[in-house]
Amino acid sequence: MDFRIDPDLCVACMACVRVCPADAVAVEGTQIRIVDDTCTRCGLCLPACPHDAIKASGDVARAGELALSGRAALILSVECAVFFYPATPEQVVNACYASGFRIVHRGVLGDELVAKEYLTLWADEGWGSMIRSTCPVIVETVRTQYPELIPYLAPIATPIAAEARYLKGLHGAETPIVYAGVCLTEGGRDVDAAITFEELADLFRRHGVKVENQAPYFTRVPEERRRHLSTAGGLPLELLMEETHASRRFRKVRGLGGLEAIARAVAVDRIDVGFVDILPCEGCLDHPLLGPPNELFRRRAIVGATEPVRARGPVVEETVARGVRVGEAFPILRNGHRPPAEAVEAVLEEIGLAPNGRPWDCGACGYATCRAFAESAAAGRTTLKSCPPYLDKVGRQAQLQAAVDGLTGLATYRVLRDRLASEVARSDRTHDSFAVLFVDLDNFKQVNDRFGHEAGNDVLKSTARECTAHIRTTDLAARYGGDEFVLVVVHTGLEGARVVADKVRTGVEVMGRDLGYPEGLVTVSIGVAELAPGRGGGPEREDVLVAADRALYRAKALGRNQVATGAA
């Protein structure tokens, strides 16, 4: 089975990145793709994608060819009763025959073969720790992420692989095998084609076969057997009945997260954990391809109602079973190339540290630690877009950039606007006055034309320093735009503001001479306006700024390098 991301539906929201336990989602700019070599086919990305951009697909073309050949055997997973409901399993089997399959089995034989092998291992008291190996997702996760657990995997094939080998032994080695189910990696190399139930339904449509029109009974002697000693998935019923969930020799674990604890217990603490029945979900009935988790009990009820009664004796032919290899070996993979250390450190530097000076390690990105995330990001498997602390840091920087003028270091017009609104409201509550100073460089264009724009920038920065040098920390100095500045001085009347304005005017004039400019070239004109107590509401905010602007024009009219006053 392959997982593919539809680029037309994907919006690069990173939801799949955060839930993928195998780090198998690669991010290349705005494009997201799944790395086949790393993907364990757990399917967790399917329900996580809010845009239905991830599609699961099997080898439907090959399965169609084999069905048309009339020689293929089909292993039909028992979960088909859920997918094709309200059609009965008998109708589904009849539809498979009508589509060209020569033999149809419902997965029981493989479960029986595997269960018998497990009973043989269970009878041996000396194994210490053993992990159920009949789930390919668990096996692939162990091989890629926890290689120290490979020696503890039970040396048993998956039920589908075991059944495929059995069918080839029963009907001939050249018999092609097709598997239809939800966990399409189960058969491995022993299956010639694997398809989803949705693809099987599409195969029916292409052959003109309607499941609901099939007879509600088997139209030919079915190639199926009822269970004797197994449960779904290959565990022996005897084992489950013998050992309780509190048993030290048998443990039931659900979820891939349990592998980390098992790895520590077995490989680090050297604890014998007994037989571990671990699955990524609550069995195949809980697989994402069958629907949402909240419908699990409904699916169980359907399968339970359609499951035939148990057989009284063995359901596999011993003469054939003896020639079937049910064992499996799990080679240890070589470690892949790790990303460059400097690239990992660069990502960690971008993320930054928590306020206490330690890594965030919040897990919100889907990785346990910031370093694990950084290694994945350096390898191109994710981006900083999925790191909340980084996004928060960028957001704060953006707010800071929006609040501070990049050249002068003064507040921006946006901050000035909000501060004026709050000062108007405060004045209305407390009846305290405040004043606004509108400052404008008199001959700034001449400075730029004669001495260049870099010189003009130096004048702007020096003027900003003079503005802040004569106000308190509770006041505000802002760049209004171009060569204009606005000062807001709180708890200050008109006369006090005029004194501040004259200090600023004198300071700029002295600064111009100190920088070596001709006398009278670098000067400012300042308009001063006061908002008197009790003048609350909306318009006054504009009134005081407009009044200061008008006073500025009067200062210009008086010959520049002047201070003029006005009233809001």
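Analysis parameters
Residues numbered from 1 in each chain as written. Predicted model: local features only at pLDDT ≥ 70, side-chain atom pairs only at ≥ 80, totals over all residues. Heavy atoms only, no water. Helix = DSSP H or I, 4+ residues; strand = E, 2+ residues; numbered from the N terminus. Expected span 1.5 Å × (residues − 1). Buried < 20%, exposed > 50% of the residue type's maximum accessible area, 1.4 Å probe, protein only. Contact = heavy atoms within 4.5 Å. Pairing = 2+ DSSP bridges. Axes fitted to C-alpha atoms, helices over the stretch in contact; angles between N-to-C directions. Disulfide = S-S within 2.5 Å. Parallel < 35°, antiparallel > 145°, perpendicular 65-115°, else oblique. Left-handed = near helix turned anticlockwise from the far one by under 90°. Nonpolar A, V, L, I, M, F, W, Y, C, P; charged D, E, K, R; others polar. Phe/Tyr/Trp six-rings, centres within 6.5 Å; stacked < 30°, edge-to-face > 60°. Salt bridge = Lys/Arg side-chain N within 4 Å of Asp/Glu carboxyl O. Core = buried A, V, L, I, M, F, W, Y, C linked by side-chain atoms within 4.5 Å. pLDDT = per-residue confidence, 0-100.

(A) Inspection of helix H19 (residues 453-469) at higher detail. With 17 residues, H19 extends 24 Å from end C-alpha to end C-alpha; this agrees with the ideal 24 Å at 1.5 Å per step. Residues Ala 455, Gly 456, Val 459, Leu 460, Ser 462, Thr 463, Ala 464, Glu 466 and Cys 467 constitute the buried set of H19. Summarising the contacts, the buried residues of H19 are in contact with strand E12 (434-441), helix H18 (444-451), strand E13 (476-481), strand E14 (484-490), helix H20 (494-514) and strand E15 (524-531).

(B) Region of the structure containing the sheet that holds strand E8 (residues 177-181). Spatially, the 4 strands line up as an open sheet ordered E6-E5-E8-E9, and their pairing is parallel. Because the sheet does not close on itself, it has two edges, and the strands there are strand E6 (103-105) and strand E9 (193-196). The sheet shows a mean angle of 20° between the axes of neighbouring strands, taken without regard to direction. Of the strand pairs in this sheet, strand E5 (residues 73-76) and E6 are connected by 3 bridges, and their pairing is parallel. Its bridge partner lying in E6, Ile 75 is registered against His 105. Taken strand by strand, helix H9 (residues 197-206) contacts E5, E8 and E9, and its axis lies near 95° from that of E9.

(C) Seen up close, the state of the cysteines. Applying the stated criterion across every chain yields a total of 0 disulfides. Cys 135 takes part in no disulfide bond, and the closest cysteine sulfur to it belongs to Cys 183, at a distance of 5.4 Å. On the accessibility criterion, Cys 135 (9% relative accessible area) is buried.

(D) Expanded view of the packing of helix H14 (residues 341-351) against helix H15 (residues 370-378). Between H14 and H15, the shortest axis-to-axis distance is 8 Å and the interhelical angle comes to 120°. Considering the angle they form, H14 stands oblique to H15. For H14 against H15, the interelement crossing comes out right-handed. Residues Ala 343, Val 344, Glu 345, Val 347, Leu 348 and Ile 351 of H14 lie in contact with H15, whose contacting residues are Cys 370, Arg 371, Phe 373, Ala 374, Glu 375, Ala 377 and Ala 378. Residue composition of the contact of H14 with H15, grouped by class: 10 nonpolar, no polar and 3 charged.

(E) Representation of the packing of aromatic side chains within the structure. Evaluated as defined, the whole model comprises 12 aromatic pairs. A ring pair is formed by Tyr 118 and Phe 275, whose centres lie 5.6 Å apart and whose planes are at 85°; its orientation type is edge-to-face. Taken as a pair, Tyr 118 in helix H6 (residues 108-123) and Phe 275 in strand E11 (residues 274-279) lie far apart in primary sequence, 157 residues in all. Assessed through its relative accessible area of 1%, Tyr 118 is described here as buried. Owing to a relative accessible area of 0%, Phe 275 belongs among the buried residues under this scheme. Measuring from ring centre to ring centre gives 6.2 Å for Trp 122 and Phe 275, while their planes differ by 85°; the resulting arrangement is edge-to-face. In this pair, Trp 122 sits in helix H6 while Phe 275 sits in strand E11, placing the two residues 153 residues apart along the sequence. A residue is classified by how much of its surface remains accessible, and Trp 122, at 6% relative accessible area, is buried. An aromatic cluster is defined as three or more aromatic residues linked by ring pairs; in this entry it consists of Tyr 118, Trp 122, Trp 127, Phe 250 and Phe 275.

(F) Representation of the pattern of salt bridges. Going through the model one piece at a time under the given rule, you end up with 34 salt bridges. Residue Glu 307 is joined to Arg 227 by a salt bridge in which the shortest nitrogen-to-oxygen separation is 3.0 Å. With Glu 307 in the loop between helix H12 (296-306) and helix H13 (318-321) and Arg 227 in the loop between H9 and helix H10 (237-242), the pair connects residues that are 80 residues apart, well separated along the chain. In this structure, a network of salt bridges that share partners links the residues Arg 132, Arg 254, Asp 277, Glu 282 and Arg 300.

(G) Inspection of the packing of H18 against H19 at higher detail. Interaxial distance between H18 and H19 falls to 7 Å at its minimum, and their mutual angle equals 140°. What the angle tells us is that H18 and H19 run oblique. Across the interface between the two elements, Phe 444, Val 447, Asn 448 and Phe 451 from H18 touch His 453, Ala 455, Gly 456, Val 459 and Leu 460 from H19. Taken together, the residues of the contact of H18 with H19 break down into 6 nonpolar, 3 polar and no charged.

(H) Structural view of the nonpolar core. Ranked by size, the top nonpolar core spans 35 residues in total, and within it Leu 76, Phe 84, Cys 96, Phe 101 and Leu 200 carry the most contacts. Of all the secondary-structure elements, those providing two or more residues to this core are helix H3 (60-69), E5, helix H4 (80-83), helix H5 (89-98), E8, E9, H9 and H12. Sequence-distant contacts of Cys 96, defined by excluding residues within four places in its chain, comprise Leu 74, Leu 76, Phe 101, Val 104, Leu 200 and Phe 204.

(I) Main features of the sheet that holds strand E10 (residues 250-254). The sheet built from 3 strands is open, its strands ordered E7-E11-E10 with parallel pairing. What marks the edges here is a single partner per strand, and that holds for strand E7 (129-131) and E10. Strand-to-strand twist of the sheet, defined as the mean angle between neighbouring strand axes without regard to direction, takes the value 20°. Relative to E11, E7 runs parallel, the two being bridged by 3 bridges.

(J) Highlighting the confidence of the model for the chain. Summarising the model, the chain shows a mean pLDDT of 88, and 96% of its residues fall at 70 or more. In this model, residues 535-541 is a region of pLDDT below 50 whose contacts with residues beyond four sequence positions or in other chains number 13 contacts.

(K) Local environment of the environment of Asp 405. Within the fold, Asp 405 resides in the loop between helix H16 (388-403) and helix H17 (413-430). Owing to a relative accessible area of 16%, Asp 405 belongs among the buried residues under this scheme. Taking the C-alpha atoms as reference, Asp 405 lies 8.2 Å from Ala 478; in sequence the two are 73 residues apart. Those residues in contact with Asp 405, other than ones at most four positions away along the chain, are Leu 410, Ala 411, Thr 412 and Arg 479.

(L) Representation of the environment of Val 563. Within the secondary structure, Val 563 is located in strand E16 (residues 563-567). Here the alpha-carbon distance between Val 563 and Gly 352, two residues 211 residues apart in the chain, equals 48 Å. For Val 563, the contacting residues outside a window of four places in its chain are Arg 498, Ala 501, Asp 502, Arg 505, Ile 526, Val 528 and Ala 555.

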